[in-house]
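Secondary and tertiary structure notes
What follows is each chain in one-letter form.
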Amino acid sequence: MATYTPERATQLKEAYSVIANQVKQADPSGKVTLVAVSKLKPASDIQALYDAGVRHFGENYPNELVDKAQQLPQDIKWHFIGALQSGNVNTLVKKIPNLYAIETVDSLKKAKKASASRQGQDKINVFLQYNTSGEEQKAGFTSVDEVVECVKWLQSDENTSLELKGLMTIGSFEQSVSGEENKDFATLVDVKKQVDSSCGTDLDLSMGMSHDFVQAIAQGSTNVRVGSSIFGARPPKN
Ligand SMILES: *Cc1c(COP(=O)(O)O)cnc(C)c1O
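Residues numbered from 1 in each chain as written. Predicted model: local features only at pLDDT ≥ 70, side-chain atom pairs only at ≥ 80, totals over all residues. Heavy atoms only, no water.

1. Some words on the packing of aromatic side chains
Where we set the bar: Stacked, tilted and edge-to-face are the three classes applied to pairs of Phe, Tyr and Trp rings, where Trp contributes its six-membered ring and a pair requires centres within 6.5 Å; stacked means planes under 30 degrees apart, edge-to-face means over 60, and tilted covers the rest. Counting as a charge over the ring demands two things of the Lys NZ or Arg CZ atom: a distance within 6 Å of the ring centre and an angle within 35 degrees of the ring normal.
Under the criterion given, the structure shown has 1 aromatic pair. Against the face of Y50 rests R55, its NZ or CZ located 3.6 Å from the ring centre.

2. Describing the UniProt feature "modified residue: N6-(pyridoxal phosphate)lysine" (unreviewed entry) in the protein
What counts, and what does not: UniProt positions are given in the numbering used here, feature names are shortened, and annotations may be inferred rather than shown by experiment. To qualify as a helix, a DSSP run of H or I must reach at least 4 residues; to qualify as a strand, a run of E must reach at least 2; elements of each kind are numbered from the N terminus. Any pair of residues with heavy atoms lying within 4.5 Å of one another is described as a contacting pair.
In the UniProt entry, the feature "modified residue: N6-(pyridoxal phosphate)lysine" (unreviewed entry) is given for K39. You can see K39 is positioned in the loop between β1 (33-37) and α2 (43-51). Dropping the residues within four chain positions of it, K39 is found in contact with G58, E59, N60, Y61, E64, K68 and R234.

3. A short note on the site of the ligand
Our working definition: When at least one non-hydrogen atom of a residue lies within 4 Å of a molecule or strand, that residue is treated as near it. We define a polar contact as two N or O atoms separated by no more than 3.5 Å, with the added condition that, inside protein, one atom must be a possible hydrogen donor and the other a possible acceptor, whereas residues neighbouring each other in sequence contribute only through side-chain atom pairs. Only Asp, Glu, Lys and Arg are considered charged in this grouping, and only Ala, Val, Leu, Ile, Met, Phe, Trp, Tyr, Cys and Pro are considered nonpolar; every other residue, Gly among them, is considered polar.
Around the ligand sit 13 residues, and of these K39, N60, S210, G227 and S228 come closest. At 2.8 Å from an oxygen atom of the ligand is found a main-chain nitrogen or oxygen belonging to S228. Between the ligand and R234 there is a distance of 2.8 Å, counted from an oxygen atom to a side-chain nitrogen or oxygen. Here the residues of the shell around the ligand sort into 6 nonpolar, 4 polar and 3 charged.

4. Observations concerning the packing of helix α3 (residues 62-71) against helix α4 (residues 86-95)
So the rule is basically this: For helices, the fitted axis covers only the stretch in contact; all axes are lines through C-alpha atoms, and the angles between them, taken along N-to-C directions, range from 0 to 180 degrees. For classification purposes, an angle smaller than 35 degrees is called roughly parallel, one larger than 145 roughly antiparallel, one from 65 to 115 roughly perpendicular, and anything else oblique. For any pair of crossing helices, the crossing counts as left-handed if the nearer helix is rotated counterclockwise from the farther one by less than a right angle, and right-handed if it is rotated clockwise.
Here α3 crosses α4 at 15 degrees, and the two axes come no closer than 10 Å. Judged by the angle between their axes, α3 and α4 are roughly parallel. In this structure, α3 crosses over α4, and the sense of that crossing is left-handed. Seen from α3, the contacting residues are P62, N63, L65 and V66; seen from α4, they are N88, T91, L92 and K95. Each residue belonging to the contact of α3 with α4 can be placed in one class, and the counts come to 4 nonpolar, 3 polar and 1 charged.

5. Let's talk about the packing of α4 against helix α5 (residues 108-118)
Look at α4 against α5: their axes get within 9 Å of each other, and the N-to-C directions meet at 30 degrees. Here α4 and α5 pass one another in a crossing that is right-handed. Note on element contacts: α5 touches α4 through K110, K113, A114, S117 and R118, opposite S86, V89, N90, V93 and K94. Looking at the contact of α4 with α5, its residues break down into 3 nonpolar, 3 polar and 4 charged.

6. Comments concerning unusual backbone geometry
Quick note on the threshold: Exposed residues in this analysis have more than 50% of their type's maximum accessible area, buried residues have under 20%, and partly exposed residues fall in between, with area computed by a 1.4 Å probe over protein chains only.
Non-glycine residue L40 carries a positive phi angle of around 65 degrees. Mapped onto the elements of the fold, L40 is located in the loop between β1 and α2. For L40, a relative accessible area of 25% translates into the label partly exposed.

7. Side note on α4
Short version of the rule: As used here, the arc is the angular range of directions from the helix axis to the C-beta atoms.
Of all the positions in α4, only N88, V89, L92 and V93 are classed as buried. Take α4 and look down its axis: the buried residues cluster within an arc of 130 degrees, on one side only. Elements that come into contact with the buried residues of α4 comprise α3, β3 (77-80), β4 (99-105), α5 and β5 (124-129).

8. Looking at the environment of S29
Along the chain, the position of S29 falls in the loop between α1 (6-26) and β1. S29 sits in the exposed class, given a relative accessible area of 54%. For the pair S29 and D202, spaced 173 residues apart in sequence, the C-alpha to C-alpha distance is 17 Å. In terms of polar contacts, S29 uses its side chain to reach the side chain of D27, at 2.6 Å.

9. Concerning the state of the cysteines
Quick reminder of the rule: Disulfides are defined in this document as cysteine sulfur pairs within 2.5 Å.
Applying the stated criterion to the full structure yields 0 disulfides. Just so you know, C150 is unpaired, no disulfide at all, and the nearest cysteine sulfur is the one on C199, 9.9 Å from it. Overall, C199 belongs to the buried group, its relative accessible area being 11%.

Right under this line is the structure:
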């Protein structure tokens, strides 16, 4: 078991409850899921929050996630929120029985691959990532038509193993610091409206991180992904 010090546990629990309270204030209805983003943080940090009752954790790197999932309790609800490459779809869906969601599905091809590889195991929720900022380095669908095509496939009998959950975006840094209406979040809301009306869905929205999750909830987010405000600054990735 991943062991932690009482000091670290207290620090993490306090930081988590500050964020959880802010989420509750922004969303009194209580329908927003707070995902604690633990990438590059030790398994002991996750265990400490788990022991305090937290279940939703987000990770970005497939090997790190597989490794942590093997060491940590089996009822953790893991969210994969990192870049989804065709080459790592199998690793994720086959080696993590308790993978709760893939938030970064950005093509029909990858959706098909994930669904096929997952056969015989528990279903995985998926969010389709949309590139709302148009930045080249960001992944995601770039047209509503492609999203609709993917949603329709997910609704078909060919999809045996994925549960369509919603849409996800990261948004540009400039938009996230303004403290005013975030145009990238507004774009995702608009994409949702179009997809919902074409496909008869009522999609969830995964948007908002440490510095902009309150604004994201104000604009309709139902799933926020918060890392550094809970766990502290991350070490550099290498
Ligand atoms: C790292 C990451 C987060 C968390 O970011 P913080 O700013 O540390 O809260 C959220 N979403 C995605 C997609 C990430 O990669």
